[in-house]
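Architecture at a glance
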Amino acid sequence: MNRRELLATGLALLAPRSSVAASARIDILPDEPIGTISPNIYGHFTEHIGGVIYDGVWVGENSKIPNVGGIRKALIDHLKLMKAPVIRWPGGCFADSYDWHDGVGPRENRPKRTNFWADTPYLSKAPAGPQKYEPNEFGTNEFARFCQLAGAEPYFAANLRSRTPSDFYQWIEYCNSPNGSTSLAELRAKGGSPEPVNVHFWGVGNESWGCGGNFTGAEYAVEFRRFSEWLPRFGGKLSLIASGPNVDDYAWTRTFFQTLTEKNKGPLRNVFGTALHYYCGSTGKRQSTEFTDEEWYKLLEQANRMEELVRNHWQIMGEVDTQHLVKLVVDEWGAWHETDPSIDPAYLWAYYPTLRDALVSGITLDIFNRHADKIPMANAAQLINNIHSSFVARGNKFIVTPNFHVFRMYAAHHGNTSVRTLFSAPSIGSASPRLAGLSGSCSIRDKRVVLTVVNPDIQNPREAEINIQGRQISSARATILTSNDIHAHNTFDQPDVIQPRTSNVTQTSVFRFEPRSVTCLELETA
Ligand code: AHR
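Before going into details, it helps to say that this report is about the structure given with it. Predicted, not measured: the structure shown is a model, and the values here were computed from it.

Calculation rules
- Residue indices begin from 1 for each chain and proceed along its sequence in written order.
- This being a predicted model, a pLDDT of at least 70 is required before a residue's local features are given, and a value of 80 or more before pairs of side-chain atoms are given or counted; all residues contribute to the totals for chains, interfaces and linings.
- The side-chain numbers reported here are obtained from all heavy atoms of the structure, hydrogens and water having been left aside.
- Only DSSP runs of H or I with at least four residues qualify as helices, and only runs of E with at least two residues qualify as strands; both kinds are numbered from the N terminus onward.
- Residue exposure (1.4 Å probe, protein chains only): buried if accessible area is under 20% of the type maximum, exposed if over 50%, otherwise partly exposed.
- Residue-level accessible areas treat just the shown protein chains as cover; the underlying method is Shrake-Rupley with a 1.4 Å probe.
- Here, strands pair whenever DSSP counts at least two bridges between them.
- To obtain an axis, a line is fitted to C-alpha atoms, over the contacting stretch when the element is a helix, and the angle between two such axes runs from 0 to 180 degrees between their N-to-C directions.
- Orientation is classified from the angle alone, with under 35 degrees giving roughly parallel, over 145 giving roughly antiparallel, 65 to 115 giving roughly perpendicular, and any other angle giving oblique.
- Handedness of a crossing is defined here by the sense of rotation of the near helix relative to the far one, left-handed for an anticlockwise turn of less than a right angle and right-handed for a clockwise turn.
- It only takes one pair of heavy atoms within 4.5 Å for two residues to be counted as in contact.
- Residues enter a nonpolar core if they are buried and are Ala, Val, Leu, Ile, Met, Phe, Trp, Tyr or Cys, with the set joined through side-chain atoms within 4.5 Å.
- What makes a salt bridge here is a side-chain nitrogen of Lys or Arg within 4 Å of a carboxyl oxygen of Asp or Glu, nothing more.
- A helix is expected to reach a length of 1.5 Å times the quantity of its residues less one.
- To count as a disulfide, a pair of cysteine sulfur atoms needs to be within 2.5 Å.
- Here a polar contact is recorded for every N or O atom pair within 3.5 Å, except that within protein the pair must consist of a potential hydrogen donor and a potential acceptor, and residues adjacent in sequence are included only if both atoms are side-chain atoms.
- Note on aromatic pairs: the rings of Phe, Tyr and Trp (six-membered ring only in Trp) are paired at centre separations within 6.5 Å, and the planes decide the class, stacked below 30 degrees, edge-to-face beyond 60, tilted for the rest.
- Placement of a charge over a ring requires the Lys NZ or Arg CZ to be within 6 Å of the ring centre, with the centre-to-atom vector within 35 degrees of the ring normal.

Attention shifts here to the overall build of the chain. Assigned secondary structure in the chain consists of eleven helices and 23 strands. Projecting the C-alpha coordinates of the chain onto the three principal axes gives extents of approximately 70 × 60 × 40 Å. Expressed as a percentage of its 526 residues, the buried residues of the chain come to 63%. Summed over its atoms, the accessible surface of the chain is roughly 19600 Å², and 47% of this surface lies on carbon and sulfur atoms.

Right, here's the structure in full:
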């Protein structure tokens, strides 16, 4: 890493170069583009786990809860507000126990199956509902309709552990074969979708190093070749996502790429991305709303680790894939806490995200923006009633969380060009490497510059001089998400405790970033 790259990570400390009283400095370099920020970096994930699908997404056509053909209307409306680009389904670990045939055809004939998560000790106190015994009311057509209503692209995860390449082939045929062309297209039409639903993104298994088969990277590479070598494309494009590493399992990445290409490099062209999974937090052992100041910083430092994971896996991928044909898809990320004790225990890992989690979102999305050349898609886990959710729902109650606000604020980056930006501010926090005093990302479209910044400091605002090389700022608008209380979160009783506020900015060269905040600055330049 050279000095400039080090600064861009926010890991370094640089004394301000000018005499301005600001203690920090942000240098935006429009002439150093990184890549286009794919809107799909702002993707989501819905698994048949806990209260995500049943109650979260699917309330049923006969429900009194406002719905569109059985799908929760409030969710659809809010997904449009946050411009959700892509949604992954049906898992997660559930995907490798799922037979897609169970979720098509007349709903009343669909079988009930044991859910992947039924036996977890976490569900021991839960009654025998859809969280334990999958009713298959929500299947392929329902998910495709959900995506269509929300304006998002579907991303399916196929079962590699317990089904065959032929099942995978036929699921693609069911989704994508032309109207009336195959028996499966006819079955799809009976489910309400005569036209192809055109699913382009397909995960080939999920966490194949663990719940998805407990393979080694080398074993999985052979399976991947078998599943991906010949698939029907119906004149369209398939973007296949290989199961990638767990956190810093660099051996997985290395052996997967080596074995995938052991005969020749051809199979690289079959891989759109390899899927990195990284959760920060206590992996379900601590409550989201109970933490000390020290734990605030610790979680944010853990979130920041995404930077090193992206860089390191990318470098290893390049040892074999020297042209970087394959990208990194971070299709599960988020801060993982315990199920909130006030929430039904069947709603596995559902909790109320706090301001701290919103900063995790900001830090992570900024990292993705800074690596727009490497990351074409990412999916926060999970959309509703689960880990790092943007929404919490129970029956007719529905609230947005601070994560929703961050996704909505950051939508200003969609499709822009990410540009190299140097953040120089004294570090804070306790761990090593310590947290950057300010971190963020910047994107440009024509004269509009979008700068998102996280100030993790619990006590102190940070004044930063903002300099856009070769441009003058003519006007600026700031949207700020913060609270006096680091534990602030929305609940069903108090749904608007934390929400952003937007205002025009008069002093444009030095900006005061509030303590414990996520800020989106939209700058017009001349
Ligand atoms: O998101 C919850 C679970 O975490 C997913 O099912 C699995 O892929 C991961 O381990």
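Next comes the rest of the description.
Here strand β20 (residues 473-481) runs beside strand β23 (residues 517-525); their pairing, made up of eight bridges, is antiparallel. Following the sheet pairing, Arg477 is matched in β23 by Glu522. The sheet contact formed by β20 and strand β21 (residues 501-505) spans five bridges and is antiparallel. Residue pairing for β21: Ile480 is matched across the bridge by Arg501.

So, on to the packing of helix α7 (residues 250-260) against helix α9 (residues 306-320). Put simply, α7 and α9 touch, their axes get as near as 9 Å, and they point 25° apart. Here α7 lies roughly parallel to α9, going by the angle between them. Crossing angle aside, the handedness with which α7 passes α9 is right-handed. On the side of α7, the interface is formed by Tyr250, Thr253, Arg254, Phe257 and Gln258, while α9 contributes Glu308, Leu309, Asn312, His313, Ile316, Met317, Glu319 and Val320.

This part takes up the pairing of strand β15 (residues 397-400). Summarising the sheet, strand β14 (residues 391-394) and β15 pair through four bridges and their orientation is antiparallel. Residue Ala393 lies in a different strand from β15, and its bridge partner there is Phe398. Where β14 hands over to β15, the hairpin turn is made up of two residues, of which Gly395 adopts a positive phi near 55°.

Right, let's get into unusual backbone geometry. Backbone geometry follows two general trends: most residues other than glycine have a negative phi, and most peptide bonds adopt the trans configuration. In this structure, Pro90 follows Trp89 across a cis peptide bond, with omega equal to 5°. Relative to the assigned elements, Pro90 resides in the loop between β5 (86-89) and β6 (113-114). In this model, Ala381 is joined to Gln382 through a cis peptide bond whose omega is -10°. Within the secondary structure, Gln382 is located in the loop between β13 (377-381) and β14. Phi at Glu207 takes a positive value of approximately 40°, unusual for a residue other than glycine. Look at Glu207 and you get buried, because its relative accessible area is 12%.

If you look at the biggest cluster of nonpolar residues, it comprises 130 residues, and the most contacted ones within it are Leu79, Phe146, Trp202 and Phe391. Ranked by residues supplied to this core, first place goes to helix α10 (residues 355-370) with eight residues. The residues touching Trp202, leaving out its near neighbours within four places in the chain, are Tyr155, Phe156, Phe168, Trp171, Ile172, Cys175, Asn176, Leu238, Ser239, Leu240 and Ile241. Counting 24 residues, the second largest nonpolar core, distinct from the first, contains Val419, Phe423, Leu438 and Leu451.

Here nine strands make up an open sheet; going across it, the order is β21-β20-β23-β18-β17-β16-β1-β19-β22 and the pairing mixed. Of all strands in the sheet, those with a lone pairing partner are β21 and β22 (510-513), marking the two edges. Within this sheet the neighbouring strands show an average axis-to-axis angle of 25°, counted without direction. Here strand β16 (residues 417-424) pairs with strand β17 (residues 439-445) via two bridges, running antiparallel. Bridged to Ser418 within β17 is Ser443.

What follows concerns the environment of Ala488. Here Ala488 is to be found in the loop between β20 and β21. Along the chain, Ala488 and Pro30 lie 458 residues apart, while their C-alpha atoms are 36 Å from each other. Not counting residues within four places of it along the chain, the set of residues in contact with Ala488 comprises Pro353, Thr354, Leu355, Ser483, Val497 and Ile498.

Once that is clear, we can look at the pattern of salt bridges. Evaluation of the coordinates by the stated rule reveals 27 salt bridges. Between Arg72 and Asp55 there is a salt bridge, and its shortest N-O distance comes to 2.9 Å. In this pair, Arg72 sits in strand β4 (residues 71-72) while Asp55 sits in the loop between β2 (43-45) and β3 (67-68), placing the two residues 17 residues apart along the sequence. By the burial criterion, Arg72 is buried, and Asp55 matches it.

Between its terminal C-alpha atoms helix α8 (residues 293-304) stretches 17 Å, which fits the 16 Å expected from twelve residues at 1.5 Å a residue. For α8, the complete set of buried residues consists of Trp296, Tyr297, Leu299, Leu300, Glu301, Ala303 and Asn304. Turning to α8, the residues buried within the fold contact β11 (273-281), α9, β12 (327-336) and α10.

Below, the discussion takes up the state of the cysteines. By the definition in use, this model includes one disulfide. Disulfide partner of Cys93: Cys211, at an S-S distance of 2.2 Å. On the sign convention where negative is left-handed, the bridge of Cys93 and Cys211, at about -85° about the S-S bond, is left-handed. Separated by 118 residues along the polypeptide, Cys93 in the loop between β5 and β6 and Cys211 in the loop between β9 (201-204) and α6 (217-228) bring together distant segments of the chain.

So, about the environment of Arg516. Within the secondary structure layout, Arg516 lies in the loop between β22 and β23. In sequence terms Arg516 and Leu355 are 161 residues apart; their C-alpha atoms lie 8.0 Å from each other. One polar contact links the side chain of Arg516 to the main-chain carbonyl oxygen of Ile458, over a distance of 2.4 Å.

Before going further, it helps to spend a moment on the packing of aromatic side chains. For the coordinates displayed, the defined rule picks out 37 aromatic pairs. Geometrically, the ring pair formed by Phe391 and Phe398 is stacked, given 5.3 Å between the ring centres and 25° between the ring planes. Across from the ring centre of Tyr347, 5.2 Å away, lies the NZ or CZ of Arg394, which sits over that ring.

The next subject is the sheet that holds β9. In a beta sheet, neighbouring strands pair by backbone hydrogen bonds and run either parallel or antiparallel. The strand order around the closed barrel built from eight strands is β2-β5-β8-β9-β10-β11-β12-β13, with neighbouring strands paired in parallel fashion. Each strand axis lies, on average, 30° off the axis of its neighbour in the sheet, ignoring direction. Sheet topology note: the β2/β13 ladder contains three bridges and is parallel. For His44, the partnering residue across the bridge sits in β13 and is Ala380.

Remember, this is a structural readout, not a statement about activity or role.
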